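Geometric and topological summary
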Amino acid sequence: MHNLFKRAILALLVICVVAGVAPAAPKYKWSFAQPWTRPVADKGYQLFCDKVKEYTNGDIEITLHSNGLLGTHDESLHGVRDGSIEIATLSPYVNLVPGGMMNWMPWTVSTFDEARIAYAYPDGILFKVMQVAWNEVGVQMLFSCAQGAYGLGNNQRPLKHPDDLKNLKMRVSSSLASVRCLGNMGSGTGMTMETIPWAEVYNALARGVVDGCWSMWPSLVEERHAEVLKHYTHGLLNWDANNVVINKELWDSLDPKYQEAIYKAGAEAEQYLNDLYEAEEQNYIKTLQKDYPNLTITWLTDEEKAVWREKANMAAIWEELCDPWLDKHWPGQKMGEKIRAELDAVRVQAAAKKK
């Protein structure tokens, strides 16, 4: 029966060729900009592209351009906003996306189980709030790629207590909430901070421009941060989550059936990436222990993390950075309190799954 079916399909293709009927061309051909070198993430992005083609019956064809082939991070964002690039995976830095700090406030999401709930389309609290943040700059959010929790690396000493940040020069980005958090944790220690683009972190560490940075398991291996760091403490600061977005004008012009298909593909890609990166964590750790014996990995107890978290003073950072933006979009609704309460519920829900 299987061979008969194959022969029937082949015969149909021959008839189409003879009759001059070519396969239908895609209605849309889009580019997907990936500004970083992240081979694990690329697997999820390619799955998304494949699923969009499948769920739209070939009407939408997306080509993934990895390793910054379409430009830097900021160039990719500008490309999506002006429509010269249809889709990109981006970090919502607040200098580019005013509400971007909501994507990865420190000391909120801290595990993949929590991320699976908080970032999920359509009901995840962080998905909903980031959709508003991206819409504000003319972009539509589709799904997220979470690589895991950040830690702090440096070339001077292991970091077990905030006092160990003494006199370090730490690289930071435009993720203002993380900058405020690190600044609070290092207050009174003489620590200073230097804003350096992510793509230049390796060279800045190698040349001694900075003593340390925040990083994570995938970046230590794939972006070779472990080559230029001597110490790494895991589980401090925030949760990594890049957002995959599309030009909003293009999105609004699409037939709802295509929007539904794209969201479906994005939801599947997001959960695939969560599973993939969670499974890869142990491989990253094994690689670091095997190939980078000069890198000291420090693990903190819950009690030790609590000291860092208390000094971070996140309540003040939410009040300073988040509440003004939230009040602008949800006036009088005390959204900051509601979001924090929902994230607390997410942590309880995720913890219950472990039992």
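A few points on the structure.

Thresholds, definitions, all that
- Residues numbered from 1 in each chain as written.
- Predicted model: local features only at pLDDT ≥ 70, side-chain atom pairs only at ≥ 80, totals over all residues.
- Heavy atoms only, no water.
- Salt bridge = Lys/Arg side-chain N within 4 Å of Asp/Glu carboxyl O.
- Helix = DSSP H or I, 4+ residues; strand = E, 2+ residues; numbered from the N terminus.
- Buried < 20%, exposed > 50% of the residue type's maximum accessible area, 1.4 Å probe, protein only.
- Pairing = 2+ DSSP bridges.
- Arc of directions from axis to C-beta.
- Core = buried A, V, L, I, M, F, W, Y, C linked by side-chain atoms within 4.5 Å.
- Contact = heavy atoms within 4.5 Å.
- 1 Å grid on protein atoms, 1.4 Å probe; cavity = no way out; pocket = protein on both sides within 12 Å on 5 of 7 lines; lining within 4 Å.
- Points joined across faces, edges and corners; volume = space filled by probe spheres on them.

Attention shifts here to the pattern of salt bridges. Across all of its chains, the model carries 14 salt bridges by this definition. Put simply, R116 and D275 hold a salt bridge, and the shortest N to O gap is 2.9 Å. Pair noted here: R116 is in helix α4 (residues 112-118) and D275 is in helix α10 (residues 256-291), with a separation of 159 residues, a long-range link. Since its relative accessible area comes to 45%, D275 is described here as partly exposed. As a salt-bridge pair, E227 and R224 come within 3.2 Å of each other at their nearest N and O atoms. Since its relative accessible area comes to 39%, E227 is described here as partly exposed. The partly exposed category is assigned to R224, whose relative accessible area is 39%.

A word on the pairing of strand β8 (residues 212-215). Along β8, one buried face is formed by G212 and W214 and the opposite face, lined by C213 and S215, is buried too. Relative to β8, strand β5 (residues 151-154) is paired through four bridges, and the arrangement is antiparallel. In the sheet register, N154 faces β8, and the bridge partner there is G212. When strand β6 (residues 169-172) meets β8, the two strands line up parallel, connected through two bridges. Within the sheet, the bridge partner assigned to M170 lies in β8 and is G212.

Our next topic: helix α3 (residues 73-82). Turning to α3, its buried residues are H73, S76, L77, G79 and V80. Buried residues of α3 fall within an arc of 160° about the axis and therefore sit on the same side. Just downstream of α3 lies G83, where phi reads positive at about 90°.

Ranked by internal contacts, the top residues of the largest apolar core, which has 117 residues, are F48, M102, W134, L142 and L182. Per-element accounting of this core gives the leading share, eleven residues, to α10. Not counting residues within four places of it along the chain, the set of residues in contact with F48 comprises F32, I62, I87, L142, F143, I262, A265, G266 and A269.

Turning our eyes to something else, we now look at empty space enclosed by the protein. Per the counting criterion, the structure on display carries one cavity of 30 Å³ or more. A volume near 130 Å³ is recorded for the largest cavity. Around the largest cavity sit 15 residues that line it, and Y93, W104, Y150, W198 and W214 are the ones nearest its centre.

None of this, on its own, says anything about what the molecule does.
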